Amino acid sequence: MDVFYPRLLVDDFAGMFRFYAGVLGEIVGASLIRGDEGGPYANWDLRDEAVLSLYDRAAMAGDVGTPAPLPRPRNQDGVALVLRVTDVDDAVGVCERHGGTLVAAARNRPAWGPTLRAAHLRDPDGNLVELQSY
């Protein structure tokens, strides 16, 4: 049973689908359960538990009866998606191959944890993605 999982409301559904289809499959081992690049919805599971779902922001606005959304500002973060990975440097390459943009290169962050290494990227919709190993 899926108790809690993130659903990103996205502006660029096709770009976000391609990014997470590649990243979640290669880095986390999650499988696409429903949806395709055409949208408006997609979700990925790992061992029968939801990992992430995407939903088109305009479609969600219509579903809940709110005005059509304006594009989300890209200069402030409202969420960071954190993926624990085996090798941060390799995971950065996977993300970049699937449309991610590097924000902060991989580096050791002992203040966060004695063996923690992290890098930060943006997905195609501008959300902050943190890759970390420890």
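That block above? That's the structure.
This section reports on the structure supplied with the text. The shown structure was predicted, so the numbers you read here are calculated from the model rather than taken from an experiment. (Residues numbered from 1 in each chain as written. Predicted model: local features only at pLDDT ≥ 70, side-chain atom pairs only at ≥ 80, totals over all residues. Heavy atoms only, no water.)

## Looking at the sheet that holds strand 4 (residues 49-56)
Strands sit in the order 1-4-3-2 across an open sheet of four strands; the sheet is mixed. Single-partner strands in this sheet number two, and they are strand 1 (7-10) and strand 2 (31-34). For this sheet, the mean angle separating the axes of adjacent strands, direction not counted, is 25°. As paired elements, strand 3 (residues 41-46) and strand 4 share six bridges and run antiparallel to each other. From the neighbouring strand, Asp 45 faces strand 4, where its bridge partner is Ala 50. Here helix 1 (residues 13-28) sits on the sheet and contacts strand 1, strand 2, strand 3 and strand 4; the angle it forms with strand 4, its principal contact strand, is near 165°. On top of the sheet, helix 2 (residues 57-64) reaches strand 1 and strand 4; it is set at about 85° to strand 4, its chief contact. (Pairing = 2+ DSSP bridges. Helix = DSSP H or I, 4+ residues; strand = E, 2+ residues; numbered from the N terminus. Axes fitted to C-alpha atoms, helices over the stretch in contact; angles between N-to-C directions. Contact = heavy atoms within 4.5 Å.)

## A word on the nonpolar core
Soluble globular proteins: nonpolar side chains tend toward being buried together. With 28 residues, the main nonpolar core has Leu 8, Tyr 20, Ile 27, Trp 44, Leu 54 and Leu 131 as its most contacted residues. Residue assignment for this core shows that the elements contributing at least two residues are strand 1, helix 1, strand 3, strand 4, strand 5 (80-84), helix 3 (88-97), strand 7 (117-122) and strand 8 (128-133). No other element matches helix 1, which puts eight residues into this core. Setting aside anything within four residues of it in sequence, one finds Leu 131 in contact with Ile 27, Leu 83, Val 85, Val 88, Ala 91, Val 92, Cys 95, Arg 117, Ala 118, Ala 119 and Leu 121. (Core = buried A, V, L, I, M, F, W, Y, C linked by side-chain atoms within 4.5 Å. Buried < 20%, exposed > 50% of the residue type's maximum accessible area, 1.4 Å probe, protein only.)

## Things to note about the pairing of strand 3
Within strand 3, five of the six residues are buried, which leaves it mostly tucked inside the rest of the structure. Where strand 2 and strand 3 come together, three bridges link them in antiparallel fashion. Within the sheet, the bridge partner assigned to Ser 31 lies in strand 3 and is Asp 45. The loop that links strand 2 with its antiparallel partner strand 3 comprises six residues; one of these, Gly 35, has a positive phi angle of about 105°. Joining the antiparallel neighbours strand 3 and strand 4 is a turn of two residues, in which Arg 47 adopts a positive phi near 50°.

## Remarks on the environment of Trp 44
Here Trp 44 shows up in strand 3. The sequence separation of Trp 44 and Pro 71 amounts to 27 residues, and the corresponding C-alpha distance is 25 Å.

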